[in-house]
Amino acid sequence: MEEVGLLMQGFAVALQPDNLLLMMVGVILGVLIGVLPGLGGANGIAILLPLTFAMSPVSAVIMLSCIYWGALFGGAITSILFNIPGEPWSVATTFDGYPMAQQGRAGEALTAAFTSSFVGAIVAVIMITFVAPVVAGFALQFGPPEFFAVMFLSFAAFVGMGRGKPMKTLAVMLLGFLLAAVGMDAMTGQLRMTFGQTEMIRGFDFLVAVIGLFGISEILSSIEDGLRFKGQKARIDLKVVLRTWAELPRYWLIAARSSLIGVWMGITPAGATPASFMSYGVARRLSKHGKDFGKGRIEGVVAPETAAHAAGTSALLPMLTLGVPGSPTAAVLLGGLIMWGLQPGPMLFVEQKEFVWGLIASMYLGNIAGLIIVLVAVPWFAAILRVPFSIIASLILVVCAIGAYTVNNAEFDIVLMLIFGVIGYVLKKLDYPLAPLVLALVLGDRTEEAFRQSLLLSDGNLAIFFHGWLSGSIMALGLAMLAWPLIGAIWPRRKAAAAA
Amino acid sequence: MQGMVSRRQAMLGLGSLAGLAAVSRQAVAQRSWEPNRPVQFVVPAGTGGGADQMARVIQGIVSKHSLMRQPIVVVNKAGGAGAEGFLEAKGARGNPHLLIITLSNLFTTPMATGVPFNWRDLTPIKMMALDEFVLWVNAQSPWQTVAEFVAAAKAGRLRMGGTGSRQEDQIITAALTRATGAQFTYVPFRGGGEVAVQLVGRHVDATVNNPIEAVTHWRSGALRPLCVFDGQRLSGMDRMTETMAWRDIPTCREAGLDVEYLMLRGIFGAPGITAPQIAFYVDLLNRVRETPEWRELMQQGAFNTTTLTGDEFRGWLEREETRHRALMQEAGFLAGQG
């Protein structure tokens, strides 16, 4: 096992005291960045990148990648406590995490989220350690048709599972696609639906919409409910961690499945956000308690968090081996590699062994450090819910506004956020589900792109999606998923009859 | 290994610091203007791309070598293929604390989208470098030379992958069509790294990636360069593969393909800034260009290190604008041409 030897050398690099210190600094910064909605891992790393100029490349990448791990952990915190996803990939965590917090189980939800993030990351790192070259070759199989097939599968795993009426789900999903289409059309280089307004050129950023739809509308609802947070009586002590841990092994199958989904989505490289949605959808489909999802099931936290972290971690693999970033954050890290005088791509593993294995070793250590830090902080995070609503709501509003501004450094986005807040509130009152809208908004762009790229390649022939064995089988899987609700509609009834 | 790297960096750093300290003390005394608050450095492109990298390298160099008392803050304004960033700079008339780094979208974005903006709305400060383009094919493809490639392109429509739509990569593709008569199916992708990998995976037949985007795949033996779209050969003499250095790639003209294209990497200021303000930034950027970090970036990316300022730079911009308009008109890429 050559890898083990190299990994041990990597640990020797990563365990140097100054590197350990940078690791802790990185994780803590990352958690803070993850907590602030809008200021994502990509922005945070981009801001700190010039500071790393004077460091050795391996120390620099250790610090920056630890910011990344921290942000992956931190994104879950506000999703669970306030229904405000700190990062795109924690949107799916709000579906069950927030209801859990409302039931006074915030500590439990946070512990489950952090622990499953850790599991996902470790699975991905082990994969990177031992099968990197094989997997890198697999990523090369992905052209536009394969990419579209993966996106199609994400949608298929997710639709038809909302609690709302199917037509309402469809309506909000189409609204999401419509909003995603505003701005620059990447295929023709033309502006679409901007109505000559400069502010519209940017399009609707997913994060701005999500902060409004989830965060602001939640505050509006809370005001209506009498100015208080539900679940403020949350017990806060570290024992909650141990209690939750005792419960978690039960969900090993979900964790294993979600890790696989995540690793696969990270490599392809579709990224952490679709991975979290797909994994949530699949977990709900395959669970006996599927219809309780969205009301505070712990599986609903485990599934997306495991997948998101597995995808976020494995997204670094195509960056290192092919020079293609699997996520926006990886894109910034990639720029960093070039700044530090390294060439990302196939030669990196050959020529910069120390750098690569130091980074991989720091992935193990950084995630362990991250887990310890966030778990110790669980009681404090949960205690935030005890602060009187009138104080915390105004703080959240300010943080949301800063977050929305930070995404693009645009004041107009704050206005947009407020508008989305009202839209979100109205949609909730009318019992329209928000998740399909968000899904369409976040994946709409990439899906459309892959679709049109494929059609360019095939001269408009739709059969291209079924030509390759890879795209063909993914598409078939997606179609099966779409048809599932029909099967599912008959299945529970039969089971119920049998039980009676 | 790590020890060696950091020692080398430390030595380079120390040497240049000592030199620069002496220079900057002199220069500070002579300056008639200098920024009195942080300078916003607008990048009209997303994080992680070539322009963003260059802006952040400049930011890093300025802070590492203390070339300026105030910090530089990099801000990405990528909306509408950079239109957002350009419009912001255009609207900041007379603000000396704003810089913007530009690429070819300085010309292509307003032409393709009709956004009310032109390079004359900004103050040209300095051309930092020109980015090269190379014609790449997969190493397993049968095309060893430009002639063979052109023959294949004429025989059947080849798929050309590139970054963005109606931007530099597609303009070069259109110029190829004009020079050879061969039609290509152009497929736009998000970024140069992605384009190169699509070629390695043989999802497209050729690309015109910048050297830095494709070099690692070349060295690993997955891609083959056919020619470089410059008037002269690239300068890198170090062996990148067992047989070739950058210098060994023929120019397209040598190979019988009369297409030349270079992409601007230039720095502009807001409209209406004063001569002393321009002079300050020209001086600052001159000193950035003298640092070892900058030279390393230039070498890595096999950049054409031509630099221009003042009237020469303006003249170059005017010629390029005319050329872009002609190329885009011919290809039907201008706004309203459909």
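What you are looking at is a predicted structure, and each value in this text was computed from that prediction instead of being measured.

## A closer look at the nonpolar core
Phase 1: Core analysis: the biggest nonpolar cluster contains 277 residues, and A:Ile80, A:Leu110 and A:Val438 have the highest contact counts within it.
Phase 2: For this core, the element with the most residues is helix α4 (residues 57–82) of chain A, which contributes 18 residues.
Phase 3: Counting residues domain by domain, this core receives three or more from each of domain 1 (17–130 + 263–331) and domain 2 (134–248) of chain B.
Phase 4: Setting aside anything within four residues of it in sequence, one finds A:Ile80 in contact with A:Thr93, A:Gly97, A:Tyr98, A:Met100, A:Ala101, A:Ala106, A:Ala109, A:Leu110 and A:Ala113.

## Let's talk about the packing of helix α1 (residues 2–14) of chain A against helix α17 (residues 353–383) of chain A
All names here are of chain A.
Phase 1: Where α1 meets α17, the closest approach of the two axes is 7 Å, and the angle between their N-to-C directions is 75°. Here α1 lies roughly perpendicular to α17, going by the angle between them. Along the contact surface, α1 presents Leu6, Leu7, Gln9, Gly10, Phe11, Val13 and Ala14, while α17 presents Lys353, Glu354, Trp357, Gly358, Ile360, Ala361, Ser362 and Leu365.
Phase 2: The residue makeup of the contact of α1 with α17, split by class, is nine nonpolar, four polar and two charged.

## Considerations on the interface of chain A and chain B
Phase 1: The partner chain B presents 47 residues to the 48 residues of chain A that form the contact.
Phase 2: Sorting the residues of the side of chain A that touches chain B by element identifies α3 (41–48), β1 (183–185), β2 (190–192), α15 (328–339) and α20 (435–458) of chain A as the ones contributing at least two each.
Phase 3: Among the elements that line the side of chain A that touches chain B, the one with the most residues is α15(A), at seven residues.
Phase 4: Taken together, the residues of the side of chain A that touches chain B break down into 30 nonpolar, 16 polar and two charged.

## Comments concerning helix α6 (residues 106–139) of chain A
Phase 1: For α6(A), spanning 34 residues, the distance from its first C-alpha to its last is only 38 Å, which falls clearly below the expected 50 Å at 1.5 Å a residue.
Phase 2: The sharpest bend along α6(A) comes to roughly 95°, located at A:Val131, with the proline A:Pro133 sitting one to four residues further on.

## Focus on the sheet that holds strand β10 (residues 263–269) of chain B
Strands belonging to one sheet form pairs held by backbone hydrogen bonds; the direction of such a pair is parallel or antiparallel.
All names here are of chain B.
Phase 1: If you trace the six strands from one edge of the open sheet to the other, you get β2-β1-β3-β10-β4-β11, paired in mixed fashion. Edge positions in the sheet fall to β2 (72–76) and β11 (308–309), since each of these pairs with one other strand and no more.
Phase 2: Seen against the sheet, helix α9 (residues 275–289) touches β3 (98–102), β4 (123–131), β10 and β11 and runs at an angle of roughly 20° to β4.

## As for the environment of A:Phe204
Residue and element names in this part refer to chain A.
Phase 1: Summarising the element assignment, Phe204 is placed in the loop between β2 and α9 (206–224).
Phase 2: When the 19 C-beta atoms within 10 Å are taken as the criterion, Phe204 is described as partly exposed.
Phase 3: It is 9.9 Å that separates the C-alpha atoms of Phe204 and Val442, two residues lying 238 residues apart in sequence.
Phase 4: Beyond its immediate stretch of four places on either side in the chain, Phe204 contacts Leu179, Val182, Ala209, Leu416 and Leu441.

## Some points on the packing of α4(A) against helix α5 (residues 91–102) of chain A
Residues and elements named next belong to chain A.
Phase 1: Packing of α4 against α5 leaves a shortest axis separation of 6 Å and a crossing angle of 55°. Between α4 and α5, the angle is such that the two are oblique. Handedness of the crossing formed by α4 with α5: right-handed. Contact residues: Ala76, Ser79, Ile80 and Leu81 in α4; Thr93, Thr94, Gly97, Tyr98, Met100 and Ala101 in α5.
Phase 2: Classifying every residue of the contact of α4 with α5 by side-chain character gives six nonpolar, four polar and no charged.

## A look at the domain arrangement of chain B
All names here are of chain B.
Phase 1: Domain annotation for chain B reports domain 1 (17–130 + 263–331) and domain 2 (134–248).
Phase 2: Each of domain 1 and domain 2 has a C-alpha centre, and the two are 28 Å apart.
Phase 3: Counting residues at the interface gives 17 residues for domain 1, matched by 16 residues for domain 2.
Phase 4: Secondary structure elements with two or more residues in the side of domain 1 that touches domain 2: α4 (105–113), α10 (292–300) and α11 (310–331).
Phase 5: Considering every element that reaches the side of domain 1 that touches domain 2, the biggest residue donor is α11, with four residues.

## Topic: the pairing of β4(B)
For a regular strand, side-chain orientation follows a simple rule: the groups alternate between the two sheet faces.
Residue and element names in this part refer to chain B.
Phase 1: Within β4, eight of the nine residues are buried, leaving the element largely enclosed by the surrounding structure.
Phase 2: The sheet contact formed by β4 and β10 spans seven bridges and is antiparallel. Counterpart to Lys126 in the pairing with β10 is Ile267.
Phase 3: Bridge count for β4 against β11 is two bridges, and the pairing is antiparallel. Pairing of Met127 across the sheet is with Leu308, part of β11.

What counts and what doesn't
Residues numbered from 1 in each chain as written. Chains lettered and ligands numbered in written order. Predicted model: local features only at pLDDT ≥ 70, side-chain atom pairs only at ≥ 80, totals over all residues. Core = buried A, V, L, I, M, F, W, Y, C linked by C-beta atoms within 7 Å. Buried ≥ 20, exposed ≤ 12 C-beta atoms within 10 Å, placed from the backbone. Helix = DSSP H or I, 4+ residues; strand = E, 2+ residues; numbered from the N terminus. Domains from an automatic or database assignment. Contact = placed C-beta atoms within 7 Å. Axes fitted to C-alpha atoms, helices over the stretch in contact; angles between N-to-C directions. Parallel < 35°, antiparallel > 145°, perpendicular 65-115°, else oblique. Nonpolar A, V, L, I, M, F, W, Y, C, P; charged D, E, K, R; others polar. Expected span 1.5 Å × (residues − 1). Bend = angle between axes of the 7 residues up to and from the residue. Pairing = 2+ DSSP bridges. Left-handed = near helix turned anticlockwise from the far one by under 90°.

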